[in-house]
Amino acid sequence: MNKKVLVTGSAKGLGAALIKKFASFGYDVYINYLNSKDLAINLKKYIDSNYNVNSYIVKSDITDEEEVQKMFASIGNIDVLVNNAAFSQDSSFLAKTKNEFMKVLEVNVYGSFLVTKYASKYMNDGII
């Protein structure tokens, strides 16, 4: 049985590259996305065509505690978690509103906290 890895925000960019690398090492991969469904599907197809591992797509808003709980209940035991999902509000520091800044914190800090909290319940000797 292969080890399992979840990479949050992995439908594109660095997250997709990490999914490909873990698949090349023989890990079963969980591709997490929120808004990039088509990219997640294409990445799954690429993994399935190029590596002898299982790949899964899991949609979850990492800032929603109930969704994070459901995500881990559907995945089960996990060996590696990579907190990759991030949000950036592209405005200058002086122009950024409180609401924009709070959204950055919600995804980048609170989301990572939630995912780590619930992942730890499904890990024995896993790596975060």
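Structure shown above.
What comes next is a walk through the structure.

**Considering the pairing of strand S3 (residues 55-59)**
- Pairing of strand S2 (residues 28-33) with S3 involves five bridges; the strand directions are parallel. Its bridge partner lying in S3, Asn 32 is registered against Val 58.
- In this fold, the crossover linking S2 to S3 by way of helix H2 (residues 37-50) has right-handed handedness.

**Some details on the pairing of strand S1 (residues 4-7)**
- Of the two faces of S1, both are covered, the one formed by Lys 4 and Leu 6 as well as the one formed by Val 5 and Val 7.
- With four bridges connecting them, S1 and S2 associate as parallel partners. What sits directly across from Leu 6, in S2, is Tyr 30.
- What joins S1 to S2 is helix H1 (residues 13-24), and the crossover it makes is right-handed.
- Here three bridges tie S1 to strand S4 (residues 80-82), and the two strands are oriented parallel to one another. What sits directly across from Val 5, in S4, is Val 80.

**Comments concerning H2**
- In this model, H2 (14 residues) spans 20 Å end to end at C-alpha, consistent with the 20 Å of a helix rising 1.5 Å per residue.
- Those residues of H2 that sit buried are Ala 40, Leu 43 and Ile 47. Down the axis of H2, the buried side of the element spans an arc of 65 degrees, and every buried residue falls inside it. Those residues of H2 that are exposed and aimed more than 90 degrees away from the buried face are Asp 38, Lys 45 and Ser 49.
- Packed against the buried residues of H2 are H1, S2 and S3.

What counts, and at which threshold
Residues numbered from 1 in each chain as written. Predicted model: local features only at pLDDT ≥ 70, side-chain atom pairs only at ≥ 80, totals over all residues. Heavy atoms only, no water. Pairing = 2+ DSSP bridges. Helix = DSSP H or I, 4+ residues; strand = E, 2+ residues; numbered from the N terminus. Right-handed = clockwise from strand over helix to strand, strands pointing away. Buried < 20%, exposed > 50% of the residue type's maximum accessible area, 1.4 Å probe, protein only. Expected span 1.5 Å × (residues − 1). Arc of directions from axis to C-beta. Contact = heavy atoms within 4.5 Å.

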